[in-house]
Amino acid sequence: MKLYIFDDNVLISGANLSDSYFTNRTDRYFLFRNCKPLADFFHEIINVVADSSFIVENEQLVPSPKCDVHPYLGSAHLYREMLKTRVNRVIEKYKESRKTSSNCMSADTWIYPVLQMGLLGIHQEFEFLQKLFSLKNPELKMTMASGYFNFIRDYEESILKEGDYHLDILTASPFANGFFESNGFSKYIPPLYSNISDQFLRKREINGRLNVKMFEYRREEWTFHAKGLWAEHNNQLMTLIGSSNYGYRSVHRDLEAQVMVVTRNPTLIDRLKDEKNLLFEYSSILDMAALQQPEHHIPPLVRVISRLIRSFL
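Every value quoted in this text rests on a predicted model; they were computed, and no experiment measured them.

### Structural notes on the overall build of the chain
So, step 1. Broken down by element type, the chain carries eight helices and 16 strands.
So, step 2. Each principal axis of the C-alpha atoms in the chain carries an extent, and together these give about 55 × 50 × 40 Å.
So, step 3. Here the analysis covers contacts within the chain between residues at least 6 apart in sequence; of these, 74% occur between residues at least 24 apart.
So, step 4. For the chain, the exposed surface amounts to about 16,400 Å²; the carbon and sulfur share of it is 52%.
So, step 5. Charge separation in the chain, taken as the distance between the mean sites of 37 positive and 38 negative side-chain charges, equals 4 Å.

Below you can see the structure in the form of structure tokens.
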């Protein structure tokens, strides 16, 4: 979860606070001003997670006083159930509060917080994306961005075997991967993602989903970390903004938070399209020919271990 809350304002992003995000690392940032319900919701979610985490005392990690079950010295199952119950209480509280709020059907823009906490059995993002990726609508145009493209099998099968729509996928080129030319085992991370893209494109060919295309971002001396989803149909646009990469870790291991924005406001639609198009200004097509370029060389070791370590990405 990457959230920054100031009074009733919420800044949500996929970015951390390290130096590169303020200099030469491409990411997305949305600021929701004077949105008290959203700020209150995420404030409570963060507090619930913090109360179930460790705190630093005298340079040592100790469980929070409100953490009733130690996450690894106690029962891992009971710990997950404790945290799940606390998070669900917050979700249910805000569901009830929205039922009693004034009618907003006349509005032209709606926002929805979306959580994905697979370890706790909370799958809001997964359930939504499964339905979205399975749609059969040739007039629907969808775009997905992730610096670390690594769809889970469920998403791959929904997109390639069930869905029928236009989908553009934007990911980082090896040059724009934060681990490019790093030392140790991490130097294999860029070719690992090249291998994942190679496998996905081969499956695309097998399933005849030629309206699914991949692009890679490359900007001199910049890295790419933008993540999100855009869907356009009938003069309406939906976008997801937040911490999820839509990969194995995001679905099954991490605690992720996103905001879904749905709008029919022409001005906002244009701004959201401009934001998306700006990411593509530094992109080129990623196909089997591009994967033959030297920067996409996949060592035999990477092909062997890819399946084993993919669930950690």
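### Overview of the UniProt feature "domain: PLD phosphodiesterase" (unreviewed entry) in the chain
So, step 1. Taken from the UniProt record, the annotation "domain: PLD phosphodiesterase" (unreviewed entry) applies to residues 1-21.
So, step 2. As annotated, residues 1-21 comprises 0% helix and 43% strand, and the C-alpha atoms at either end are separated by 16 Å.

### Focus on the environment of Glu157
So, step 1. Residue position: Glu157 is located in helix H4 (residues 153-162).
So, step 2. Considering only alpha carbons, one finds Glu157 and Asn88, 69 residues apart in sequence, at a separation of 29 Å.

Analysis parameters
Residues numbered from 1 in each chain as written. Predicted model: local features only at pLDDT ≥ 70, side-chain atom pairs only at ≥ 80, totals over all residues. Heavy atoms only, no water. Helix = DSSP H or I, 4+ residues; strand = E, 2+ residues; numbered from the N terminus. Contact = heavy atoms within 4.5 Å. Areas by Shrake-Rupley, 256 points an atom, 1.4 Å probe, with all protein chains shown as cover. Lys, Arg positive; Asp, Glu negative; His and termini not counted. Charge placed at Lys NZ, Arg CZ, Asp CG, Glu CD. UniProt positions renumbered as here; feature names shortened; annotations may be inferred.

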